[in-house]
Amino acid sequence: MSIFQDNNTLGKAYGLFRRNFRMSFIYEKCSIGGDNMIIDFIKMDWGVIILAIGFFILLLTDIHLERNMVRLFMYTTVMILIYSFTCFVEAYLGSLDYYTIMRSLLSAFNYSIINFIIINIILIIFPDNKKLLYIPALINMLASFISIPTKIVFGFSESNIFYRGPLGFLPYIVSAIYLIYLAGCLLIKRRNLREDRGILLFVIGTSAVCYLYPIIMHSANSSWYNLTIIINMVLCYLFLLQKYTKTDPLTGLLNRQSYYGDLDKHSSEITAIVTMDMNGLKTINDNEGHTAGDNALKTLANCFLKAAMEKQRLYRIGGDEYVIICFNSDEAEVIDLIKRIRKEVADTRYACSIGYAMVRDGISVEQAYKTADQMLYKEKKEYYMTQNQVVSFQEIN
């Protein structure tokens, strides 16, 4: 008999649940109060609810992130709220001394949604990942719901005791795979700055606790886990906003503000400055339009990114001006970098001039930049003379 078909049974059962279910994350022996399940849920997950609603309102007024990214944040926030409530109800059903099919449905749902939340976090941090990410989650969801009649992942005895089936470890193995994949993307992708990795590794580590522990400890109270998840969502949002202030919106490279900040912050580690300047941007803008000019700047930026290594950080500091700061790199490494840049640019229809200078004893970063710039403009003049182009003084400078 379903508990939702008998009000007396529901009332008695819920009264038993309220007496026995403890909010150990607040007070070790403080029972849930109130006569209404929704009120008790609000009391238990007050932090999650308030933070989620406030975050949702903040997202509605966002003007910095792309609309698709904002929607992804919104969807994930709603999913976390739903997951919080279904965990609460499933825990309530687990306090009964008899089994109801609703508990199996909610367990299958919770085993499924948890992986889709992880996928959304991956897509928030690394939006270029493909939809193939959904395949393991879909397989896990199918197995979880098939488990209701077959018990292949989980099951419940007539006395409402949980047990694992032959594939009982599948849900959190899939979750672990996603978290390992997320950590691998963070450590492998060279475009992530060293200082960015700290907060992202913190999010991954705490998310691992949040996602895996409630699945392993089936009857555990999930309120503080869900609070950690929504806090990590806010941290990801703040991380993206900070990244927005440090990034050139056209090319995705670090901007002039980041350049000056890194000069001051990492001055002792800088060993070389490489400057690049596009040739013929004005001609492209005049003859093909500014959209073509923007495409040229983005193409060159991608060439520079492909050429740069871990110790070489790339900035766009002006219209067609780029700089690479080299950290703890010797001159041979800098020359190899320039060779890679020339090779990448040679595969496009565009051209650029390059200069470099080493930061040595008695030579400051500012002096090295001026020396590199002088080398660049010497090469730029030679380029225009070779091409037999007549160029105004303004374009050269």
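Higher on the page you've got the structure.
Residues numbered from 1 in each chain as written. Predicted model: local features only at pLDDT ≥ 70, side-chain atom pairs only at ≥ 80, totals over all residues. Heavy atoms only, no water.

**Topic: the sheet that holds strand 3 (residues 270–279)**
Paired through backbone hydrogen bonds, the strands of a sheet run either parallel or antiparallel to each other. What counts, and what does not: Pairing between two strands is assigned when DSSP locates at least 2 bridges connecting them. Working definition: helices are DSSP H or I runs of at least four residues, strands are E runs of at least two. Numbering for both runs from the N terminus. Note on geometry: axes are C-alpha line fits, over the in-contact stretch for helices, and angles between N-to-C directions span 0 to 180 degrees. Contacts: residue pairs with any heavy atoms within 4.5 Å of one another.
In spatial order, the strands read 4-5-3-6; together these 4 strands make up an open sheet with antiparallel pairing. Two strands bound the open sheet, and with one partner strand each, they are strand 4 (312–316) and strand 6 (351–358). The mean angle between the axes of side-by-side strands here comes to 20°, regardless of whether they run parallel or antiparallel. Relative to strand 6, strand 3 runs antiparallel, the two sharing 8 bridges. Paired with methionine 276 across the two strands is isoleucine 354, which belongs to strand 6. Together, strand 3, strand 4, strand 5 (321–327) and strand 6 form the strand contacts of helix 12 (residues 290–307), whose direction differs from that of strand 4 by roughly 170°.

**Regarding the pairing of strand 4**
This is how the line gets drawn: Relative accessibility under 20% of the residue-type maximum defines a buried residue, over 50% an exposed one, and the middle range a partly exposed one, all with a 1.4 Å probe and only protein chains included.
In terms of burial, strand 4 is a largely internal element, 5 of the 5 residues being buried. Residues Gln312, Leu314 and Arg316 line one face of strand 4 and the alternating positions Arg313 and Tyr315 line the opposite face, and both faces are buried. Pairing between strand 4 and strand 5: 5 bridges, direction antiparallel. Note on strand 5: the bridge partner recorded for glutamine 312 is cysteine 326.

**Quick word on the pattern of salt bridges**
Should the charged atoms of two oppositely charged side chains come close, the side chains can pair. Our working rule: Should a side-chain nitrogen of Lys or Arg be within 4 Å of a carboxyl oxygen of Asp or Glu, the pair is scored as a salt bridge.
This structure, assessed with the given rule, holds 10 salt bridges. Glutamate 288 serves as the salt-bridge partner of arginine 349, at 2.7 Å between the closest nitrogen and oxygen. Residue arginine 349 is located in the loop between helix 13 (331–346) and strand 6, and its partner glutamate 288 is located in helix 11 (residues 281–288); the two are separated by 61 residues in the primary sequence. For arginine 349, a relative accessible area of 57% corresponds to the exposed category. By relative accessible area, which is 43% here, glutamate 288 ends up partly exposed. Put simply, arginine 360 and glutamate 331 hold a salt bridge, and the shortest N to O gap is 2.7 Å.

**Thoughts on the packing of aromatic side chains**
In plain terms, the rule: Here a Phe, Tyr or Trp ring, Trp counted by its six-membered ring, pairs with any other such ring whose centre lies within 6.5 Å, and the pair is stacked when the planes are under 30 degrees apart, edge-to-face when over 60, and tilted otherwise.
In the structure shown here, the tally under the stated rule is 15 aromatic pairs. When the ring of phenylalanine 55 is compared with that of phenylalanine 73, the centres are 5.8 Å apart and the planes differ by 90°; the resulting orientation is edge-to-face. Of this pair, phenylalanine 55 sits in helix 3 (residues 46–60) while phenylalanine 73 sits in helix 4 (residues 67–94), and the two are 18 residues apart along the sequence. Take phenylalanine 55 and phenylalanine 73: they sit in the same class, and that class is buried. On the basis of an interplanar angle of 75° and a centroid distance of 5.5 Å, the ring pair of phenylalanine 55 and tyrosine 237 is categorised as edge-to-face.

**Description of the side chain of arginine 103**
The condition that has to hold: Pairing of N or O atoms within 3.5 Å defines a polar contact, subject to two protein rules: one partner must be a possible hydrogen donor and the other a possible acceptor, and residues neighboring in sequence count only if both atoms are side-chain atoms.
With respect to the secondary-structure elements, arginine 103 resides in helix 5 (residues 101–125). Its relative accessible area of 6% is what places arginine 103 among the buried residues. Within the local environment of arginine 103, its side chain forms a polar contact with the side chain of glutamate 90, the two groups lying 2.8 Å apart.

Just geometry here; none of it tells us what the structure is for.
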